[in-house]
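One-letter residues, chain by chain:
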Amino acid sequence: MQQVTDKADRLLLRALQDNARLTSGELAQMAHLSQSPTWRRVKQLEEAGTIKGYHAALDRRALGYSVLAFVLIGIDHQNEASSQAFVEAVSEIPEVVQFHAISGQADFLVGLVARDLDHYSELLQRKLHRLPGVRQVQSHFSLQEFKGQMADLPVPLE
């Protein structure tokens, strides 16, 4: 991954992070460059993996997900096979919108959305508790969001 050291690149990244629909002309103005060099810089940042993609930021509540939970999960064994089985199983749950291996008493942090507490209870009992090697689950509910966006929200097709 390319290290971003240039002020123009940082300006471009900030602008695209705020609004990925900006034209190369608008980006050029913000970075104080002409349009062709701006386009080339953005392409280089994409090819280097600094820009991973473009997406629409969706509102979870508008999609019917009133509950946002952060779940600390401890697993029995931290060997490669059991950890990989756990990671694959969690990655298959559509309601999981964040998933991290962490340090501390728990092994993983899972952020997930649910329609309501009944839906969360169902996810907890039918999916999270049944994941391979789970020994401990501790739930924390978001009461108010101040910063951060959820990526990969499941979009109901019904």
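First, a word on what this report is: a plain description of the structure on this page. (Residues numbered from 1 in each chain as written. Predicted model: local features only at pLDDT ≥ 70, side-chain atom pairs only at ≥ 80, totals over all residues. Heavy atoms only, no water.)

**Some words on unusual backbone geometry**
Phase 1: Phi angles above zero are rare outside glycine, and His32 is one such case at about 60 degrees.
Phase 2: In this fold, His32 is placed in the loop between helix H2 (24-31) and helix H3 (35-47).
Phase 3: A relative accessible area of 66% places His32 in the exposed class. (Helix = DSSP H or I, 4+ residues; strand = E, 2+ residues; numbered from the N terminus. Buried < 20%, exposed > 50% of the residue type's maximum accessible area, 1.4 Å probe, protein only.)

**Concerning helix H1 (residues 7-18)**
Phase 1: If you check H1, its first and last C-alpha atoms are 17 Å apart, about what 12 residues at 1.5 Å a residue would give, namely 16 Å.
Phase 2: Here H1 has its buried residues at Ala8, Asp9, Leu12, Ala15 and Leu16. On an axial view of H1, the arc spanned by its buried residues comes to 130 degrees, and they lie on one face. Of the residues in H1, the exposed ones pointing more than 90 degrees away from the buried face are Lys7, Arg14, Gln17 and Asp18.
Phase 3: Of the surrounding elements, those touching the buried residues of H1 are H2 and H3. (Expected span 1.5 Å × (residues − 1). Arc of directions from axis to C-beta. Contact = heavy atoms within 4.5 Å.)

**Quick word on the nonpolar core**
Phase 1: Membership of the largest hydrophobic core comes to 19 residues, with the highest contact counts inside it found for Val71, Ile73, Phe86, Leu112, Tyr120, Leu128 and Leu131.
Phase 2: Listed by contribution, the elements that provide at least two residues to this core are strand E1 (67-75), helix H4 (80-91), strand E3 (108-114) and helix H5 (117-128).
Phase 3: Per element, the largest residue contribution to this core is 5 residues, and it comes from E1.
Phase 4: Each residue touching Leu131, except ones within four places of it in the same chain, is listed here: Ile73, Phe86, Ala89, Val90 and Ile93. (Core = buried A, V, L, I, M, F, W, Y, C linked by side-chain atoms within 4.5 Å.)

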